[in-house]
Amino acid sequence: DTEVTQTPKHLVMGMTNKKSLKCEQHMGHRAMYWYKQKAKKPPELMFVYSYEKLSINESVPSRFSPECPNSSLLNLHLHALQPEDSALYLCASSQGAGNYGYTFGSGTRLTVV
Amino acid sequence: QQQVKQSPQSLIVQKGGISIINCAYENTAFDYFPWYQQFPGKGPALLIAIRPDVSEKKEGRFTISFNKSAKQFSLHIMDSQPGDSATYFCAARGNTGTASKLTFGTGTRLQVTL
């Protein structure tokens, strides 16, 4: 299995809702990432987990809460989002800080209404 | 220090032509330079990558040229095909010691015409 699987593919949520995005990989990768991508823009790093510990938080607002339950799973919990948070949320994984290849999932298209 | 500059913003190439996309970086600590291809509604897919101790890498129709002294690298797509029409991102990897992070260029939208 050489894929990063993200669910759901599409999500519409209200500003008072709580929802979660899920990411799963079975490649034995020990680093996992959340990126946010707005239309016609490059992906922007949000969080990095290395060996299941949060290693990098790029000053992301607290309405985004990451969680890494185990080495194969990565969640992003969403609460009280704003319409400007609407974007494609991408998960990626790599073998770790000492290895180079990143594999991206297809993303979750999030719309906040 | 963490920026990666990419040009051109958009590119139109005829089928069979050569597509060239350029990137420049500032941080000499970057240690890995991948190129990603992204189709609408999809995540970025790794196309080809190079390390700074190599000046050129070729995989099929795709070639990366790397100039360490100038802190520049470029993607050449030979014999461009309509199926190559996509957005291309260069990136550079920085290593904090406990984790790594990719910094992306601004992207190039490539259109290959018949």
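Our subject is the structure that appears above.
Residues numbered from 1 in each chain as written. Chains lettered and ligands numbered in written order. Predicted model: local features only at pLDDT ≥ 70, side-chain atom pairs only at ≥ 80, totals over all residues. Heavy atoms only, no water.

Enquirer: Can you help me understand the pattern of salt bridges in this one?
Expert: Side chains that carry opposite charge are capable of pairing whenever their charged atoms lie near each other. Considering all chains together, one arrives at seven salt bridges over all chains under this definition. For B:R61, the salt bridge is made with B:D84, and the minimal N-O distance between the two is 2.8 Å. Separated by 23 residues along the polypeptide, B:R61 in the loop between strand 6 (56–59) and strand 7 (62–67) and B:D84 in the loop between strand 8 (72–77) and strand 9 (86–95) bring together distant segments of the chain. Here B:D84 falls in the buried class, since its relative accessible area comes to 5%. Look at the salt bridges and you will find they share partners, linking A:K36, A:R63 and A:D85 into a network. (Salt bridge = Lys/Arg side-chain N within 4 Å of Asp/Glu carboxyl O. Helix = DSSP H or I, 4+ residues; strand = E, 2+ residues; numbered from the N terminus. Buried < 20%, exposed > 50% of the residue type's maximum accessible area, 1.4 Å probe, protein only.)

Enquirer: Before we go on, may I ask you to explain the interface of chain B and chain A in this structure?
Expert: How big an interface is tends to be stated in terms of accessible area lost as the parts join. Contact residues are listed per partner, giving 24 residues for chain B and 24 residues for chain A. Carbon and sulfur atoms supply 56% of the area that chain B and chain A bury against each other, a total of about 1800 Å² over both sides. Linking chain B with chain A are one salt bridge. Taken together, the elements giving at least two residues each to the side of chain B that touches chain A come down to strand 4 (33–38), strand 9 and strand 10 (100–104) of chain B. Among the elements that line the side of chain B that touches chain A, the one with the most residues is strand 10 of chain B, at four residues. (Contact = heavy atoms within 4.5 Å. Buried area = accessible area lost by both parts, 1.4 Å probe.)

Enquirer: Looking at this structure, I do not really get the side chain of B:T108. What am I missing?
Expert: Residues and elements named next belong to chain B. Position of T108 relative to the elements: it lies in strand 11 (residues 108–113). Note on T108: relative accessible area 0%, which makes it buried. In this structure the side chain of T108 is engaged in a polar contact, spanning 3.0 Å, whose partner is the side chain of Q6. Here the side chain of T108 touches P8 through a polar contact of 2.5 Å, landing on its backbone oxygen. (Polar contact = N/O pair within 3.5 Å; in protein donor to acceptor, adjacent residues only side chain to side chain.)

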